[in-house]
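So you can see what is in the structure, the chains are spelled out below.
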Amino acid sequence: MENANQKITTFLMFEGKAEEAMNFYVSLFKKAEILTLSRHEDDGSEASGKVAQAVFSLNGQRFMCMDSPIKHEFTFTPAISLFVTCETESEIDELFVKLSQGGGVLMPLDSYPFSKKFAWVADRYGVSWQLSWGG
């Protein structure tokens with residue numbers, strides 16, 4: 001399932017929610033799996049046991065994630081989003097509901113001149129997703 005030839009991998013940095021987010025994303029796609037997972041050392045710090053680095057695959061596309069041991073002033077923005085070409089109308093409908101739950105809708109699920117059915121959402125972790133189905 002993993003694309004061994006992939007040279008560029010999307011890297012998502014979280015503050016304590018990497019494993020939760022990764023498990024959520026893997027649950028959304030039929031062809032998805034966690035490939036590797038390493039944790040920060042158990043040293044009594046806030047990062048103890050959190051994800052130091054993980055690799056997971058969604059429909060053959062690799063992603064990496066981590067929990068930053070350092071608090072940052074920044075988070076995810078819609079300036080970069082994950083674009084999903086859905087195979088069926090039921091897939092886009094289901095992804096729209098699950099990804100927007102606890103997050104926000106940037107463009108509602110609807111027909112647009114560039115797509116028969118499209119939506120743009122930010123999930124509960126702040127990651128932005130564009131969903132498209134052509135019918």
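Right above here is the structure, for reference.
In what follows, the accompanying structure is described. (Residues numbered from 1 in each chain as written. Predicted model: local features only at pLDDT ≥ 70, side-chain atom pairs only at ≥ 80, totals over all residues. Heavy atoms only, no water.)

Concerning the sheet that holds strand S7 (residues 115-122)
Strand pairing in a sheet relies on backbone hydrogen bonds. The paired strands run either parallel or antiparallel.
Here is step 1 of the chain: Across the sheet, which stays open at both edges, the 4 strands sit in the order S5-S8-S7-S6 with mixed pairing between neighbours. Two strands in the sheet have a free side with no partner beyond their single neighbour: strand S5 (81-85) and strand S6 (104-112). Each strand axis lies, on average, 10° off the axis of its neighbour in the sheet, ignoring direction.
Here is step 2 of the chain: Across 5 bridges, the pairing between S6 and S7 is antiparallel. What sits directly across from Gly104, in S7, is Ala122.
Here is step 3 of the chain: Across the sheet, helix H2 (residues 89-100) touches S5, S6, S7 and strand S8 (128-133), and the angle it forms with S7 is around 20°. (Pairing = 2+ DSSP bridges. Helix = DSSP H or I, 4+ residues; strand = E, 2+ residues; numbered from the N terminus. Axes fitted to C-alpha atoms, helices over the stretch in contact; angles between N-to-C directions. Contact = heavy atoms within 4.5 Å.)

Structural notes on the nonpolar core
The tendency in soluble globular proteins is for nonpolar side chains to be buried as a group.
Here is step 1 of the chain: In this structure, Phe14, Tyr25, Phe56, Leu58 and Trp129 are the most contacted members of the largest nonpolar core, which totals 31 residues.
Here is step 2 of the chain: Secondary structure elements with two or more residues in this core: strand S1 (10-14), helix H1 (18-28), strand S3 (51-58), strand S4 (61-67), S5, H2, S7 and S8.
Here is step 3 of the chain: The greatest single-element share of this core, amounting to 7 residues, is contributed by H1.
Here is step 4 of the chain: Excluding its chain neighbours within four sequence positions, the residues that come into contact with Tyr25 are Leu12, Phe14, Phe56, Leu58, Asp123, Tyr125, Val127 and Trp129. (Core = buried A, V, L, I, M, F, W, Y, C linked by side-chain atoms within 4.5 Å. Buried < 20%, exposed > 50% of the residue type's maximum accessible area, 1.4 Å probe, protein only.)

Things to note about the environment of Ala54
Here is step 1 of the chain: Counting through the fold element by element, Ala54 comes out in strand S3.
Here is step 2 of the chain: Separated by 34 residues in the primary sequence, Ala54 and Glu20 place their C-alpha atoms 12 Å from one another.
Here is step 3 of the chain: Not counting residues within four places of it along the chain, the set of residues in contact with Ala54 comprises Met22, Thr36, Leu37, Phe63, Met64 and Cys65.

Comments concerning H1
Here is step 1 of the chain: When H1 is considered as a whole, its buried residues turn out to be Ala18, Ala21, Met22, Phe24, Tyr25, Val26 and Leu28.
Here is step 2 of the chain: Against S1, strand S2 (32-39), S3, S4, H2 and S8 lie the buried residues of H1.

Notes on H2
Here is step 1 of the chain: In a regular helix each residue adds 1.5 Å, so 12 residues correspond to 16 Å; H2 covers 17 Å between its end C-alpha atoms and thus fits that length.
Here is step 2 of the chain: Inspection of H2 places Ile92, Leu95, Phe96, Leu99 and Ser100 among the buried residues, and these make up the whole buried set. With its buried residues spanning 105° around the axis, H2 presents them on a single face. Away from the buried face of H2 by more than 90 degrees, exposed residues Ser90 and Val97 are located.
Here is step 3 of the chain: Its buried side turned inward, H2 meets H1, S5, S6, S7 and S8.
Here is step 4 of the chain: Where H2 ends, the next residue or the one after it, Gly102, has phi of about 80°, a positive value. (Expected span 1.5 Å × (residues − 1). Arc of directions from axis to C-beta.)

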